Amino acid sequence: QASASCGHPAAMAAAAAAPPPEESPAEASAEEGEPPAKRQRPLAAPRFAVDERVLCNVSRRRSGFIWKRGTVRTHWYQDASTPELIPYLVELDASKLGGEGKLCAAPADDDECIRLEARACLDVQAMKPFAVQMADRAIARLRFQEGDRVAVQLDVGNWEQGFVVEVWAVPEREGKVFKGWEDLAVPYAVRLDVSQDVMVPFDGDAVVRPEHAPLPPQRSIEELLGGTRRAPARGSAEAAAGPRFSKRRDAAGAWVNVDAVTGVARPCSDDEAAEDAA
């Protein structure tokens, strides 16, 4: 059975979890006497492919977030209780107590409903499904140590470099561990070169790699903002044309460190600029 996720109002708890029919949505609508336009697939393709690993928000509250790990099983699921086509049908991982994973219908293709599993961030709720208990950490062998340079994935096609600042990281605020994390941790906390800290959900190449390891194609700033130009692949002639970070003076005469990929300029000291010039 498929249940709705992220506060979807449709009563889908009793829906059969069958794949979409072979005929097109328009044909299915015509057979059932409904206007074809209601069941036409949107022009935008789903962000995640079939068999891709994702997190699905199973909270029944519109403002709630309860993330579960799972695998996309089909696109454009049709439920009898609503004329809308559901972007994803996700098979949730089986619980540690045993039993088969449940099917979850993700009614919206956005980060509040479904998101990439292999994604480093500071969202404590999104990190919770990956948290490892202290007893299990003793047998886990992590690949990186504090100080190691790594690249982490922040979203599909968005990798950033940095260094490991903590192994078996725990979210804290003012030195106090977050409630519910007293016996839990995720493999790493990484400080990115773009002045941001993130937590890494698991130790695998899908989300964290050595700094100089090959990476999937990067999305450019245009793509991140909705455009189409792709950033050059690491090691290509285009990418080798110049360094990613460069220090220069802004319009006000202050020194800034400019990221050639994102276009973001961050203040830096005169001493830092002088060191680079030397």
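To keep things clear, this report deals only with the structure shown in the data block. (Residues numbered from 1 in each chain as written. Predicted model: local features only at pLDDT ≥ 70, side-chain atom pairs only at ≥ 80, totals over all residues. Heavy atoms only, no water.)

1. Focus on the pattern of salt bridges
Here comes step 1: On inspection of all chains with the given rule, the structure shows 15 salt bridges.
Here comes step 2: Where R53 meets E117, a salt bridge forms, and the shortest distance between an N and an O atom there is 2.9 Å. Within this pair, whereas R53 is found in strand β2 (residues 53–57), its partner E117 is found in the loop between β6 (114–116) and α2 (124–127), the two being separated by 64 residues in sequence.
Here comes step 3: R53 gets classed as partly exposed once you look at its relative accessible area, which sits at 26%.
Here comes step 4: The partner of E211 in a salt bridge is R149, with the nearest N and O atoms 2.7 Å apart. Here R149 lies in strand β8 (residues 149–155) and E211 lies in the loop between β14 (208–210) and α4 (221–224), a separation of 62 residues in the sequence. (Salt bridge = Lys/Arg side-chain N within 4 Å of Asp/Glu carboxyl O. Helix = DSSP H or I, 4+ residues; strand = E, 2+ residues; numbered from the N terminus. Buried < 20%, exposed > 50% of the residue type's maximum accessible area, 1.4 Å probe, protein only.)

2. Overview of the packing of aromatic side chains
The geometry of an aromatic ring pair comes down to the distance between the two centres and the angle between the two planes.
Here comes step 1: Applying the stated criterion across every chain yields a total of 4 aromatic pairs.
Here comes step 2: The interplanar angle of 40° and the centroid separation of 6.0 Å between the aromatic rings of F48 and Y88 together place this pair among those described as tilted. Of the two residues, F48 is situated in the loop between α1 (25–31) and β2 and Y88 in strand β4 (residues 85–92); the sequence distance between them amounts to 40 residues. Per residue, the accessibility class of F48 equals that of Y88, and both read buried.
Here comes step 3: Centre to centre, the rings of F65 and W67 are 6.0 Å apart; their planes meet at 25°, and the pair counts as stacked.
Here comes step 4: Looking at W67, the relative accessible area reads 5%, which means it is buried.
Here comes step 5: Stacked on the ring of W67, the Lys or Arg R115 has its end atom at 5.5 Å from the ring centre. (Phe/Tyr/Trp six-rings, centres within 6.5 Å; stacked < 30°, edge-to-face > 60°. Lys NZ or Arg CZ within 6 Å of the ring centre and 35° of its normal.)

3. Brief notes about the nonpolar core
Here comes step 1: Residues V152, W181, V190, V200 and V208 are the most contacted members of the largest nonpolar core, which totals 34 residues.
Here comes step 2: Going through the elements one at a time, α2, β8, β9 (158–169), β12 (184–192) and β13 (196–200) are the ones with two or more residues in this core.
Here comes step 3: Among all residues touching V152, those that are not within four sequence positions of it are A120, N158, W159, E160, V190, L192, V198, V200, V207 and V208. (Core = buried A, V, L, I, M, F, W, Y, C linked by side-chain atoms within 4.5 Å. Contact = heavy atoms within 4.5 Å.)

By themselves, these are just geometric observations and shouldn't be taken as functional.
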